Amino acid sequence: MNRLGGIFWGLVFLAVPVLGVAVFAVAPAINVWLPKDISAHGYQIDSLFYFILALTGVVFIATELLLFWFIWKYDAARGERKATYIQGSHTLEVVWTIIPAATLLFLAIYQMNAWANVKMRRPDMPPTVEVVARQFEWRLRYPGRDGVLGTADDLHLVNDLHLPVDEEILVQLKSMDVLHSFFLPNLRIKQDAVPGMKIPVWFRATETGGFDIVCAELCGWGHYKMKGRITFVSRPEFDAWLDRKYSEQEATQPVAEAVGEMAVR
Amino acid sequence: MSTVTAPVSTEHGHPPASQHSVSTFLSTYVFSKDHKVIGLQFLFSTLLWFLIGGLLALAVRWQVAWPWSDVPVVGKLFAQQGGQMSPEFYTMLFTMHATVMIFLVIIPILAGAFGNFLIPLMIGADDMAFPTLNMLSYWFMWPAFIAFGASFFVEGGAASSGWTSYPPLSTNVASSPGSGWGQTLWLIGLTFVGVSSMLGSVNYMTTIILMRAPGMTMFRLPMTIWAMFITAVLQAFALPVLTAAGFMQMSDRMFSTGFFTPENNIVNNAVAGPGGGQPLLWQHLFWFYSHPAVYIMILPAMGMVSDILTCFARKPLFGYRPMVYSIAGIAGLGFIVWGHHMFMSGMNPALGITFMVSTMMIALPSAVKTFNWLGTVWGGRIQFTTAMLFALSFVSMFIIGGLSGIFMAATPVDIFIHDTYFIVAHFHYVLFAGTAMGVWAAIYFWFPKMFGRTMNEFWGKVHFFLTFVFLNGTFFTMHILGAVGFPRRLADAYHYETFHHLQPMNAFMTYCAIGMVASQIIFAVNFFWSMFYGPVAGRNPWNANGLEWTAPSPPGHGNFDVQPVVYRGPYEYSVPGVEKDHLMQTDPPNAAAAAAAASAH
Ligand code: HEM
Ligand SMILES: [Cu+2]
Ligand SMILES: [Cu+2]
């Protein structure tokens, strides 16, 4: 290994961009890639991801290839040439400061709209459902027949969130105990639940089906099993489901008791 | 003076004669005030913790790859669970892995080991400005070693709320068993590490400002010293905030103050704390330190890599001043980007935008540095020593870690990848593939100065090759795992529909991680063997330019046999018209002129 020169080490460093690109090329094919997006806003996040991937990909390949090329070419073993005595280049410094600066600034401004859509332009509507995180479950509260949260007729459920498809949903997110994070991989939604705060989360699903609710913020030993399901159904199905759950609740407990159940207001 | 062989000679005038008589093994090797001995004490301690941290990582990887399967070797420890790891133990493992690696390995090996050993030698001083403080900075690490180490054995076990220790999980015992004594010890340990860092940083700043050899102007300093200097400034300004926050958390836990606990906080069906606090406050204070700390964890490595690259490319550093300014830029901007760790935290999303813009901008000086490293290698005469290979790999890997930072800085993308393995990939590319590789470069490079012998180059390259291959096998795949949304810190994620197919990939990564840790056996053997049996190195085995290479190897007490006088910058390699391919910082100008004249004939 001592006599291995620039040729061998050059190839080792060349493997970085080659295999690096290969991993990203193969990943979608073996399904180790962005999960299916069923949200109305998700394409903005995904396209930004692809845009940054392309941008950083070009920089990655270019810089790693340059490094490989220099290692290969400027191996001391290739002749008794002296190294070039050069202390820098003002022009180059300016070029490689201005171009990345402009690119980064563009990226910063370009993405603001997507961020505002997901986190700042809260729809003007009452919450569809309240999600209260606690160790280690998702407590759900629907407004019930009066359509108002926090009244005696609220519907209480755990971990099994049903919502209508193709409608704007506003979740009111809370936590009872420690930090949690409400992560919906298929809806490109993530928001920490913070005790003492009511945080609005909104989205619109474009497809029906059942998907994971993941807790993404460490919340204790049971963090790994803090799993919920989010199911999107058509409006009529949703109303029917709500009715059924509501009658089940009324059958098992009188409305007054449900009030006592409300742990956090 | 080339006859000096003992690591530390007490025959050098000072310490004064009165102390000389009591100079014993204890005062020479244990309670030494010699910066080199202190540096080596830091080096040995941190390498030992590196091993412990690495084993903790393997245990984490074991659980992620094969959840709830019998743990090999240490399974006996989990006899009550039938050889399986419990989920609470898993949370302790990743908490303490990160804690050990950050606070007991990376920070002290850079500033404590290399900062101590190199600063006086590279600026031409006989020691640090405050040798006693310096000694204390090492000994204040011991309470931390003990606190972190002991925390595994107290009731409830070690801290288990992540290295970030977010309250209320960290402040409320009812929420997590590790939030009892384990967390208290964690806070105590953290405080002592902070005291140690602060003593070091005061010393480094003073030494670099006041004790440079004649002729060593600020702009003749090697990049290592610039990086250490700016790191010390970062430490001094950021650390007090963490220390204060630590005390507040301690007070929340011990005196129920409620800085971080909100009203009506109900944990495990019992009301917790008096309320009136804000969990996000901790996050702001913590990251106000810990973002600058990520630069504390890489700037010195960047400096050392710059020096090693120039030496083995036999070329001046490309763009010395831009390199200095970009380090300063990183440090300055580093104070206004902490919110990028909190994009999803519930912090005002409008504030998120400002942090997004500043974070985008901090990628700029990193990019400038990368281009200048490439410029340094370009047109060089590269010698493929082990140190050089590690230094080149630092550049190659930092590119990956820097670029992944841009994904996370983009707030909309961060919505999806925050708290996934994408983040884990990012910080292992900057911290392991970056800093740790830079540290190995530095060990192979300065080992001759530390011990007077060179490490074995053949086994050094084997070590490099295996580490390089396995580290990429372990960490590169984390990017695409993160693209699926695979969350970090989960003891078992395969019961989720979204993640159930990812176990084989995780098993592959664990195999690579085992290979990576096993490769370090080669390093350890080479290190200790070379200390005693390696080929004896002269003063300047690499034909480098810095002042440290004019001192004996290893330097005696007081470092230099003649006071070095500096005539030039540190990167005068391959100067045209000069026959030698390097001019040391101490080579006087007329000697260069004479050499030029000689070669002209
Ligand atoms: C190119 C410059 C960089 C940018 C733009 C950048 C950006 C970011 C962002 C936005 C995050 C938060 C991601 C999240 O949690 O969602 C992050 C996390 C992190 N970064 Fe960087 N980063 C850069 C360089 C570095 C460097 C040089 C280091 C260390 C030497 C570093 C160490 C870390 C660590 C340790 C974390 C994770 C902390 C944790 O959550 O446990 N980063 N980075
Ligand atoms: Cu959780
Ligand atoms: Cu940061």
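From a predicted model like this one, the values you see are computed outputs, not experimental measurements.

(A) Highlighting the site of ligand 1. Residue and element names in this part refer to chain B. With respect to spatial proximity, 23 residues lie near ligand 1, and among them Trp 163, Asp 414, His 418, His 426 and Arg 488 are the closest. Between Trp 163 and ligand 1, the recorded distance is 2.9 Å, taken from a side-chain N or O atom to an oxygen atom. Arg 488 has a polar side-chain atom sitting 2.9 Å from an oxygen atom of ligand 1. For the shell around ligand 1, the secondary structure elements donating two or more residues are α9 (279-296), α12 (349-377), α13 (386-409) and α15 (421-451).

(B) Representation of the nonpolar core within the structure. Counting residues in each nonpolar core, the largest one holds 272 residues, and the members touching the most others are A:Phe203, B:Phe114 and B:Ile443. In terms of nonpolar packing, the next biggest core, distinct from the first, is built from five residues, B:Phe318, B:Ala367, B:Val368 and B:Phe371 among them.

(C) A look at the sheet that holds strand β5 (residues 168-175) of chain A. Residues and elements named next belong to chain A. Pairing within the open sheet is mixed, and its five strands lie in the order β3-β2-β1-β5-β8. On the outer flanks of this sheet lie β3 (155-158) and β8 (199-204), each paired with one strand and no other. Strand-to-strand twist in this sheet, taken as the mean axis angle between neighbours without regard to direction, amounts to 25°. Here strand β1 (residues 129-134) pairs with β5 via five bridges, running parallel. Bridge assignment links Glu 130 to a residue of β5, and that residue is Gln 172.

(D) Geometry of the coordination of the copper ion (ligand 3). Residue and element names in this part refer to chain B. Ligation of the copper ion (ligand 3) by protein atoms is provided by His 291 (ND1), His 340 (NE2) and His 341 (NE2), these donors lying 1.9 to 2.0 Å from the ion. Between the copper ion (ligand 3) and the iron atom of ligand 1 there is a metal-metal distance of 4.6 Å. With His 291 in helix α9 and His 340 in the loop between α11 (320-333) and α12, this residue pair connects regions lying 49 residues apart in the sequence. One exposure class covers both His 291 and His 340, and it is buried.

(E) Geometry of the pattern of salt bridges. Residues and elements named next belong to chain A. Counted according to the given criterion, the structure contains 20 salt bridges over all chains. Across the salt bridge formed by Arg 141 and Glu 130, the nearest N and O atoms sit 3.0 Å from each other. Residue Arg 141 is found in strand β2 (residues 137-142), and its partner Glu 130 is found in strand β1; the two are separated by eleven residues along the sequence.

(F) A look at the interface of chain B and chain A. Each partner contributes residues to the interface: chain B has 116 residues there, and chain A has 100 residues. Regarding the contact of chain B and chain A, the summed buried area is about 9300 Å², with carbon and sulfur atoms giving 72% of it. Where chain B touches chain A, the interface holds one salt bridge. Close ionic contact of A:Arg229 with B:Glu497 constitutes a salt bridge, the shortest N to O distance being 2.9 Å. Between chain B and chain A we count 31 residue pairs in polar contact (both at pLDDT 80 or more) in total. Those elements giving two or more residues to the side of chain B that touches chain A turn out to be α4 (87-123), β1 (266-267), α9, α11, α12, α13, α14 (411-417) and α16 (457-484) of chain B. Per-element tally for the side of chain B that touches chain A: the top contributor is α12(B), with 14 residues.

(G) Looking closely at the domain arrangement of chain B. All names here are of chain B. Examined at the domain level, chain B breaks down into domain 1 (34-263 + 273-297) and domain 2 (301-537). Here domain 1 and domain 2 have C-alpha centroids that lie 19 Å from each other. In this assembly, 52 residues from domain 1 lie in contact with 60 residues from domain 2. Note on domain 1 versus domain 2: buried area summed over both sides is about 4800 Å², and carbon and sulfur give 76% of it. Three residues, Arg 61, Phe 219 and Met 223, lead the burial of domain 1 against domain 2; their summed loss comes to 15% of the area buried on that side. The interface formed by domain 1 and domain 2 includes zero salt bridges. Between the two partners, domain 1 and domain 2, sit 16 residue pairs in polar contact (both at pLDDT 80 or more). Looking at the side of domain 1 that touches domain 2, the elements with two or more residues in it are α3 (35-65), α4, α8 (223-255) and α9. Here the element with the most residues in the side of domain 1 that touches domain 2 is α3; it accounts for twelve residues.

Criteria and cut-off values
- Residues numbered from 1 in each chain as written.
- Chains lettered and ligands numbered in written order.
- Predicted model: local features only at pLDDT ≥ 70, side-chain atom pairs only at ≥ 80, totals over all residues.
- Heavy atoms only, no water.
- Near = heavy atom within 4 Å.
- Polar contact = N/O pair within 3.5 Å; in protein donor to acceptor, adjacent residues only side chain to side chain.
- Helix = DSSP H or I, 4+ residues; strand = E, 2+ residues; numbered from the N terminus.
- Core = buried A, V, L, I, M, F, W, Y, C linked by side-chain atoms within 4.5 Å.
- Buried < 20%, exposed > 50% of the residue type's maximum accessible area, 1.4 Å probe, protein only.
- Pairing = 2+ DSSP bridges.
- Axes fitted to C-alpha atoms, helices over the stretch in contact; angles between N-to-C directions.
- Donors = N, O, S within 2.8 Å, 3.2 Å for Na, K, Ca; no water.
- Salt bridge = Lys/Arg side-chain N within 4 Å of Asp/Glu carboxyl O.
- Contact = heavy atoms within 4.5 Å.
- Buried area = accessible area lost by both parts, 1.4 Å probe.
- Domains from an automatic or database assignment.

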